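Here is what each chain is made of, one letter per residue.
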Amino acid sequence: MSTNRPVHLNLLKIKMPVTAVMSIIHRITGTFMVLSIPILIYLFAMSLSGEQSFKQLADMFDSTLVRFIAAVFIWFLAHHFLAGIRFLLIDIDIGVMKQTARTSAMMVNILGGLVLLVALYGLVIS
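This one's a predicted model, so the numbers in the text were calculated from it and none came from an experiment. (Residues numbered from 1 in each chain as written. Predicted model: local features only at pLDDT ≥ 70, side-chain atom pairs only at ≥ 80, totals over all residues. Heavy atoms only, no water.)

A.B. asks: Kindly report on the side chain of Arg86, identifying the contributing residues and their values.
C.D. replies: Summarising the element assignment, Arg86 is placed in helix H4 (residues 64-91). Lacking a salt bridge, the buried Arg86 has Asp91 as its closest oppositely charged neighbour, with an N-O distance of 9.4 Å. Excluding residues that lie within four positions of it along the chain, Arg86 makes contacts with Thr19, Met22, Ala101, Ser104, Ala105 and Val108. (Helix = DSSP H or I, 4+ residues; strand = E, 2+ residues; numbered from the N terminus. Buried < 20%, exposed > 50% of the residue type's maximum accessible area, 1.4 Å probe, protein only. Lys, Arg positive; Asp, Glu negative; His and termini not counted. Salt bridge = Lys/Arg side-chain N within 4 Å of Asp/Glu carboxyl O. Contact = heavy atoms within 4.5 Å.)

As structure tokens, this is what we get:
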């Protein structure tokens, strides 16, 4: 018995719909945010431990690389928040239709990108 099904599935050659891309990015941003919790707790504790530590932390944010990382983290937060709202609306049967789901996924990606651009402008360029 012969089948025409692929034996090895190459995910890079499959054209993913915008809803799948948004969902994958939602999972990735959530994972990075959870993994960054210890770093954020350390930075928060450092900012509260004294004037010298706070000054060190403020000096660290003068670096373009650190500002870029902060802007990307802001994008993670924004994208994950917007996608989470989208998923909550889908859970209560708002935006379930195929075209509406595509439009809302595209809006999440576009708005997340706009937040990234604003964060880059505010943190890195200025």
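A.B. asks: Lay out helix H1 (residues 18-35) in plain terms, naming residues and giving numbers.
C.D. replies: Between its first and last C-alpha, H1 extends 26 Å over 18 residues, near the 26 Å set by a 1.5 Å rise per residue. Those residues of H1 that fall on the buried side of the exposure criterion are Val18, Met22, Ser23, His26, Thr29, Gly30 and Met33. Angularly, the buried residues of H1 cover 135° about the axis, an arc narrow enough to put them on a single face. Exposed side of H1, more than 90 degrees from the buried face: Arg27 and Leu35 are the residues found there. On its buried side, H1 packs onto helix H2 (37-48), H4 and helix H5 (98-125). (Expected span 1.5 Å × (residues − 1). Arc of directions from axis to C-beta.)

A.B. asks: So what's going on with the packing of H2 against helix H3 (residues 51-60)? Residues and values would help.
C.D. replies: For the pair H2 and H3, interaxial distance at closest approach is 6 Å and the crossing angle is 130°. The angle between H2 and H3 falls in the class oblique. Residues Leu43, Met46 and Ser47 of H2 lie in contact with H3, whose contacting residues are Ser53, Phe54, Gln56, Leu57 and Met60. Classifying every residue of the contact of H2 with H3 by side-chain character gives 5 nonpolar, 3 polar and no charged. (Axes fitted to C-alpha atoms, helices over the stretch in contact; angles between N-to-C directions. Parallel < 35°, antiparallel > 145°, perpendicular 65-115°, else oblique. Nonpolar A, V, L, I, M, F, W, Y, C, P; charged D, E, K, R; others polar.)

A.B. asks: So what about the nonpolar core? Which residues, and what values?
C.D. replies: With 5 residues, the main nonpolar core is built from Val18, Met22, Ala83, Ala105 and Val108. Setting aside its immediate chain neighbours within four residues, Val18 contacts Arg102, Ala105, Met106 and Asn109. (Core = buried A, V, L, I, M, F, W, Y, C linked by side-chain atoms within 4.5 Å.)

A.B. asks: Could you give an account of the environment of Ile69, naming the residues involved and the relevant values?
C.D. replies: Its place among the elements puts Ile69 in helix H4. Look at Ile69 and you get partly exposed, because its relative accessible area is 49%. Along the backbone, Ile69 and Leu9 are 60 residues apart, and their C-alpha atoms lie at a distance of 34 Å.

A.B. asks: Let's hear about the packing of aromatic side chains: which residues, and what values?
C.D. replies: Within this structure, the stated rule accounts for 2 aromatic pairs. Taking the centre distance of 5.4 Å and the plane angle of 15° together, the rings of Phe32 and Phe76 count as stacked. Separated by 44 residues along the polypeptide, Phe32 in helix H1 and Phe76 in helix H4 bring together distant segments of the chain. Looking at Phe32, the relative accessible area reads 44%, which means it is partly exposed. For Phe76, a relative accessible area of 13% gives the class buried. Judged by centre distance (5.4 Å) and plane angle (50°), the rings of Trp75 and Phe76 are tilted. Side by side, Trp75 and Phe76 carry an identical accessibility label, which is buried. Aromatic rings pair up to connect Phe32, Trp75 and Phe76 into one cluster. (Phe/Tyr/Trp six-rings, centres within 6.5 Å; stacked < 30°, edge-to-face > 60°.)

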